[in-house]
Number of protein chains: 4
Amino acid sequence: MSLDKLKRHVCEANKALERNGLITLTWGNVSGIDRSKNLVVIKPSGVTYADLKPSDMVVLDLSSGKKIGGKYRPSSDAPTHLILYRAFPDIGGITHAHSIYASMFAQACISIPALGTTHADIFHGEVPITRPLTKREVEDGYEVNTGKVIVERFKKLDTVAVPGVLVANHGPFTWGQSAQDSVHNSIALEAVAKMAYGTLIINPKVKPLPDYLLDKHFFRKHGPNAYYGQKKNQ
Amino acid sequence: MSLDKLKRHVCEANKALERNGLITLTWGNVSGIDRSKNLVVIKPSGVTYADLKPSDMVVLDLSSGKKIGGKYRPSSDAPTHLILYRAFPDIGGITHAHSIYASMFAQACISIPALGTTHADIFHGEVPITRPLTKREVEDGYEVNTGKVIVERFKKLDTVAVPGVLVANHGPFTWGQSAQDSVHNSIALEAVAKMAYGTLIINPKVKPLPDYLLDKHFFRKHGPNAYYGQKKNQ
Amino acid sequence: MSLDKLKRHVCEANKALERNGLITLTWGNVSGIDRSKNLVVIKPSGVTYADLKPSDMVVLDLSSGKKIGGKYRPSSDAPTHLILYRAFPDIGGITHAHSIYASMFAQACISIPALGTTHADIFHGEVPITRPLTKREVEDGYEVNTGKVIVERFKKLDTVAVPGVLVANHGPFTWGQSAQDSVHNSIALEAVAKMAYGTLIINPKVKPLPDYLLDKHFFRKHGPNAYYGQKKNQ
Amino acid sequence: MSLDKLKRHVCEANKALERNGLITLTWGNVSGIDRSKNLVVIKPSGVTYADLKPSDMVVLDLSSGKKIGGKYRPSSDAPTHLILYRAFPDIGGITHAHSIYASMFAQACISIPALGTTHADIFHGEVPITRPLTKREVEDGYEVNTGKVIVERFKKLDTVAVPGVLVANHGPFTWGQSAQDSVHNSIALEAVAKMAYGTLIINPKVKPLPDYLLDKHFFRKHGPNAYYGQKKNQ
């Protein structure tokens, strides 16, 4: 994919984030990566979604983190994105939002348990919460350390099976094969969070899904035996 | 009704499902049946609603379940629809969605009690919850078995009096005289679920409606003595 | 006002009801009255709001309740409207809806307490709940008896000071000087109900407003010393 | 800024308030001030937002509170705005709304605790609740006294660090460098209130953010070391 095409995709993904009701003001950003060139394309900081043009996107070098294209400052969360791209080689796009229901769980410092098949269609297990950052981690290199606690949380988790996380006291990050796919997973996460919220209120003693149902739904949509949707790669 | 007309109706019903706010991403599907020809028309799997055209609809043979028309794969829930059409001869359309409030009750594994006249206008009694599927039922023939637990749950229930169900851990299915009518009942179910949710929070000791009020509202709108709406069949 | 103008106003008020998010499907109706001619104009039963035209409105004689104009059946709730117009000579319009939060309180059989100045701006005291109808009242003359329990509930209440009510197990009715004004009060009631719902969850021990604050806000907007809005009658 | 430009800005800010879903009916108003001329521009009372034109704005003298321009009566809350402009010399715009979730906390008479970084991005600490007004304060000079209890509440608080307040039993006021900025803070407050509401339900024992995280997020966006957004003043 050319860099121009990636900029168009990332720009469009940022607009899709707002169009799907996940955004208040300018609180959210989407990025995408070209793995062949080690270039990350990300939303500029504090710019409204309606005004975004592909040429406004900021281009960063994956290794150094330096800006190598674009007239604006990158999103202030860019260092978090870079840490995730370096640690998770399978991901092609990242979305960060302060969507309401996912942020409620993040603020409550509680993982979102897998309470239904809607959840299992996207997340193969709970959407995990990170540990809170320490005073030192907040004061020195905050955005880098936000990325690091996410990576730490995924030491024993698979980023394909669980394409998102809640940062304690903060909000959700999701990822996917592309910028657009990471937005898709943020939309799903917000719906799943709202359903979990109400489910826990209706029945505080509800248990997470049994593993066989979790497996069934997740692998209906993912992996070599998936049978949801149309055949794409044939 | 010609097959082309049924495709148009089913296509339009799928779009109506999204327009009424019952859909996240592509999580929902509507079908309709031509009883004279034993043909079921259903949404293709994983296609976005905005793009749907009548010619995209998939045609299935009721008895064999085989695809006999359409270029796409049918919704992955098609085997559930087929089981319901075979078991419930009075129904002409089926809607499955993951609408938020109905899914909360499904995930909580709790029936929606008849707490008000809004409920009674559409459902003559609680909207029942199925039993959870067993490990074996999930692993082998999951979608068929989803249909079977619904049929099992309705052994002593009337599908006209109660045009919908919650599948445990999953979400709602509704049905009706036509595809459009099944969407109508999904819209009603979501409103009824949201009202029940809040009613139980405001007053956890609230009791279901007495039978005479349930009867009054249901039969105002259904059956030979109905007097709601305009006379249609005269 | 000519009858044609009243039809236009009532038609527009019904559309405003939907536009303001108070309607699911066709669950709601607005009427207006011409006191000089004793004619009530009301929405036809079961017709969608988008399709409504002024000429579709149904005209009823206040005294006899008989239809004297319009090609459709009137709303099935018309007998309730007629009882209220006869009992409350000060009102010029009535709205009935199944708006979600007001219906939650109605289903919970609990009045909406006056918990804030938003409430006090419109309702001078709690929005009262009626008693439930008896079996006999439901089975014989249900809609008339719905009107009667509202009138009974207002024996010691002022319909100008409290322009709305919750019918137990059912939903809200509001009224006002005109059809449009009754819709205005339904919009206010739904917002007030949602605020009360959350307030009671955040602080279950919250007390209703003191009388002096209730008086202040209500009489800022109503009566001879009102000073909210622009001078209309000078 | 010319007075005409200030009228355009204040008119547009009032419309933005409605467009962002913070308004029911006409319950809300925005003002702005020209500090060089001591002139306050405010919405007229009870006029719908869709109809507002810049020339409808009302101009008040800051010192005397007298109307010196505009054909309409000013918002009935104008005396509260004037008190705040006199007491808080740093603010350039004020928004008052009855947005649903912020009003829930106001009605519950509970401050909104700083439970997440979304909150800390805008408010450096809890959004405080005023004390209730006394009977005498309500009956004589109500709107002036509403301003005075806000000023009293901020005796030890910084209006730049905490650009908003909840008036007990009533609702929120926010402020900012301009009319538009005060609307921005009302939008943020409503999102923050909704997140806090759900967070407290999910985890009633949740603690406010530690100071170092509160500081980090607030000073990322505010003050000389801010690094969120684009450089504006260079």
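Presented here is an overview of the structure given in this document. (Residues numbered from 1 in each chain as written. Chains lettered and ligands numbered in written order. Predicted model: local features only at pLDDT ≥ 70, side-chain atom pairs only at ≥ 80, totals over all residues. Heavy atoms only, no water.)

**Some points on the overall build of chain A**
Alright, step 1. Of the regular secondary structure elements, chain A holds eight helices and seven strands.
Alright, step 2. A compact globule built from 234 residues should have a C-alpha radius of gyration of about 17 Å, and chain A, at 17 Å, falls within 12% of that.
Alright, step 3. Expressed along its principal axes, the backbone C-alpha trace of chain A runs to roughly 50 × 50 × 35 Å.
Alright, step 4. Taking all 234 residues of chain A together, the buried fraction comes to 60%.
Alright, step 5. Within chain A, counting contacts between residues at least 6 apart in sequence, those at least 24 apart form 62% of the total.
Alright, step 6. For chain A, the accessible area works out to roughly 9200 Å², and carbon and sulfur atoms hold 51% of it.
Alright, step 7. Computed over 29 positive and 21 negative side-chain charges, the inter-centroid distance for chain A is 2 Å. (Helix = DSSP H or I, 4+ residues; strand = E, 2+ residues; numbered from the N terminus. Rg over C-alpha atoms; globule rule 2.2 N^0.38 Å. Buried < 20%, exposed > 50% of the residue type's maximum accessible area, 1.4 Å probe, protein only. Contact = heavy atoms within 4.5 Å. Areas by Shrake-Rupley, 256 points an atom, 1.4 Å probe, with all protein chains shown as cover. Lys, Arg positive; Asp, Glu negative; His and termini not counted. Charge placed at Lys NZ, Arg CZ, Asp CG, Glu CD.)

**Digging into the interface of chain C and chain B**
Alright, step 1. With 33 residues of chain C in contact, the opposing surface of chain B contributes 33 residues.
Alright, step 2. Buried surface at the junction of chain C and chain B, both sides included, amounts to about 2900 Å², of which 60% is carbon and sulfur.
Alright, step 3. In terms of surface lost to chain B, no three residues of chain C exceed Trp27(C), Arg73(C) and Gln107(C), which account for 25% of the buried area on that side.
Alright, step 4. Taken together, the links from chain C to chain B amount to two salt bridges.
Alright, step 5. With its nearest N and O atoms 2.6 Å apart, the salt bridge here joins Glu143(C) to Arg220(B).
Alright, step 6. For the pair chain C and chain B, the number of links is 13 residue pairs in polar contact (both at pLDDT 80 or more).
Alright, step 7. Listed by contribution, the elements that provide at least two residues to the side of chain C that touches chain B are helix 3 (100–108), helix 5 (135–139), helix 6 (142–153) and helix 7 (179–202) of chain C.
Alright, step 8. Per-element tally for the side of chain C that touches chain B: the top contributor is helix 3 of chain C, with seven residues.
Alright, step 9. When its residues are assigned to classes, the side of chain C that touches chain B shows 16 nonpolar, 12 polar and five charged. (Buried area = accessible area lost by both parts, 1.4 Å probe. Salt bridge = Lys/Arg side-chain N within 4 Å of Asp/Glu carboxyl O. Polar contact = N/O pair within 3.5 Å; in protein donor to acceptor, adjacent residues only side chain to side chain. Nonpolar A, V, L, I, M, F, W, Y, C, P; charged D, E, K, R; others polar.)

**Concerning the relation of the copies chain D and chain A**
Alright, step 1. Structural alignment of chain D on chain A gives an RMSD of 0.0 Å, achieved by rotating through 90° and translating 0.0 Å along the axis. What we have between these two chains is a four-fold relation. Among all C-alpha atoms of chain D, that of Ile201(D) lies closest to the rotation axis, at 5.9 Å.
Alright, step 2. Comparing interface residues between copies, only 6% of those in chain D also sit at the interface in chain A, which points to a heterologous contact through distinct surfaces. (Least-squares fit on C-alpha atoms with pLDDT ≥ 70 in both.)

**Regarding the relation of the copies chain C and chain B**
Alright, step 1. Least-squares fitting of chain C to chain B yields an RMSD of 0.0 Å, with the transformation described by 0.0 Å of translation along the axis and a rotation of 90°.
Alright, step 2. Interface overlap between copies: only 6% of the residues of chain C at the interface are likewise at the interface in chain B, consistent with a contact formed by different surfaces.

**Some thoughts on helix 7 of chain C**
Alright, step 1. Taking 1.5 Å as the rise per residue, helix 7 of chain C with 24 residues should run 34 Å; its terminal C-alpha atoms sit 35 Å apart, in good agreement.
Alright, step 2. Most of helix 7 of chain C sits inside the fold, with 18 of its 24 residues counted as buried. (Expected span 1.5 Å × (residues − 1).)

**Overview of the interface of chain D and chain A**
Alright, step 1. Of the residues lining the interface, 33 residues belong to chain D; the matching set on chain A comes to 33 residues.
Alright, step 2. A per-residue breakdown of the area chain D buries against chain A is headed by Ile202(D), Tyr212(D) and Gln230(D), which together make up 23% of the total.
Alright, step 3. Viewed at the interface, chain A and chain D are joined by two salt bridges.
Alright, step 4. At the junction of chain D and chain A, the tally comes to 12 residue pairs in polar contact (both at pLDDT 80 or more).
Alright, step 5. Those elements giving two or more residues to the side of chain D that touches chain A turn out to be helix 4 (117–122), helix 7 (179–202) and helix 8 (211–221) of chain D.
Alright, step 6. The element that contributes the greatest number of residues to the side of chain D that touches chain A is helix 7 of chain D, accounting for 12 residues.

**Digging into the sheet that holds strand 2 (residues 39–42) of chain B**
Residues and elements named next belong to chain B.
Alright, step 1. Spatially, seven strands are ordered 4-3-2-1-5-7-6 in an open sheet, and the strand pairing comes out antiparallel. The sheet terminates laterally at strand 4 (67–69) and strand 6 (164–167), the two strands that pair on one side only. With direction set aside, neighbouring strand axes in the sheet form an average angle of 25°.
Alright, step 2. Along the sheet, helix 7 (residues 179–202) contacts strand 1 (28–34), strand 5 (93–97), strand 6 and strand 7 (171–176); its crossing angle with strand 7, the most-contacted strand, is approximately 135°. (Pairing = 2+ DSSP bridges. Axes fitted to C-alpha atoms, helices over the stretch in contact; angles between N-to-C directions.)

**Comments concerning the packing of aromatic side chains**
Alright, step 1. Scanning the entire structure with this criterion turns up 20 aromatic pairs over all chains.
Alright, step 2. Between Phe154(A) and Trp175(A), the aromatic rings sit 5.1 Å apart at their centres with planes inclined by 75°, giving edge-to-face as the arrangement. With Phe154(A) in the loop between helix 6 (142–153) and strand 6 (164–167) and Trp175(A) in strand 7 (residues 171–176), this residue pair connects regions lying 21 residues apart in the sequence.
Alright, step 3. Grouping aromatic residues by their ring pairs yields a cluster made of Phe88(A), Phe154(A) and Trp175(A).
Alright, step 4. It is Lys221(B) that lies over the ring of Tyr228(B); its NZ or CZ is 4.0 Å from the centre. (Phe/Tyr/Trp six-rings, centres within 6.5 Å; stacked < 30°, edge-to-face > 60°. Lys NZ or Arg CZ within 6 Å of the ring centre and 35° of its normal.)

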